[in-house]
Structure formats: structure tokens, C-alpha cells
Amino acid sequence: MPISRAAALVLDGTRPSRFGEYTNLGLHYEHAVPLAVLFDLIRQVVTDGDAIKDLIESQYHTVWVTKAENEAIKFAGLISRMPDGWTSSDSWLARYEAAGLEL
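Residues numbered from 1 in each chain as written. Predicted model: local features only at pLDDT ≥ 70, side-chain atom pairs only at ≥ 80, totals over all residues. Heavy atoms only, no water.

### Some words on the packing of helix α3 (residues 35-44) against helix α4 (residues 49-59)
When two helices pack together, you describe them by how their axes are tilted relative to each other and by the distance separating the axes.
Piece 1. Contact pair α3 / α4: the axes reach a minimum separation of 9 Å and the direction vectors enclose 160°. With respect to each other, α3 and α4 are oriented roughly antiparallel. Crossing handedness for the pair α3 and α4: right-handed. Contact residues: α3 offers Leu-38, Leu-41 and Ile-42, while α4 offers Ile-52, Leu-55, Ile-56 and Gln-59.
Piece 2. The residue inventory of the contact of α3 with α4, partitioned by class, reads six nonpolar, one polar and no charged. (Axes fitted to C-alpha atoms, helices over the stretch in contact; angles between N-to-C directions. Helix = DSSP H or I, 4+ residues; strand = E, 2+ residues; numbered from the N terminus. Parallel < 35°, antiparallel > 145°, perpendicular 65-115°, else oblique. Left-handed = near helix turned anticlockwise from the far one by under 90°. Contact = heavy atoms within 4.5 Å. Nonpolar A, V, L, I, M, F, W, Y, C, P; charged D, E, K, R; others polar.)

Following this line, the structure appears as C-alpha cells:
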């Protein structure tokens, strides 16, 4: 699972085996493309099983970021949406790029 550069510094080369260990270190688990956005994309192609599969494979990614980085995403207005003009053919990293985060 991808992690931000700042989250990697917090982990200092370790990779905990349990979810709670990450959160105890102040890290935040999130979906790179918010699920609300992914669900909206799926609704657009609901009758095409292959298109749904392709969307999930290309857009479903989870990421660990720091709580401060999560606040930067929130400040950018991107907690539950992608940047303006984003389409499913664009990078799933767009929210992080727009908020100035490095993965």
C-alpha cells in the first residue's frame, strides 16, 4: 500500500503488521479516490461489468498519510471529492498532487 513521504518518515523504515499500530503513530488511512467518487463512476457504467471491473482496478487505491497531510487534503476541499476537472482517465494521485503531498 502506498504511503506518503511524510508517513514514511514517521514509520522510519518499519511496516507495522496491524492497522492500529499505524493509527497509534498518527497516520491516517484513506482511499485515494474517495469512495463516493468511485461509486458515482460505477453508477455511470452500471450495466457494463467489464467497465466496472476496470474502474475498480484502476481507481481503488488506499494510502497512509499523516494526520497533518489529511488536514491539508481537507483544507484543499478534497476530502470527499477529486480536483475540479478530474476524470477517471486521470491519475488517482490527483488529490495528493493538488494538496501538495508526495507519495
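### Comments concerning the nonpolar core
Piece 1. Among the nonpolar cores identified, the biggest contains 19 residues, and Val-33, Val-37, Val-63, Ile-73, Met-82, Trp-86 and Tyr-96 are the most heavily contacted of them.
Piece 2. For this core, the leading source of residues is α3, giving four residues.
Piece 3. Apart from residues no more than four positions distant in its own chain, Trp-86 is found in contact with Val-33, Val-37, Leu-41, Gln-59, Ser-91 and Ala-94.
Piece 4. Ranked by size, the runner-up nonpolar core spans six residues in total, among them Ile-3, Tyr-22, Leu-27 and Trp-64. (Core = buried A, V, L, I, M, F, W, Y, C linked by side-chain atoms within 4.5 Å. Buried < 20%, exposed > 50% of the residue type's maximum accessible area, 1.4 Å probe, protein only.)

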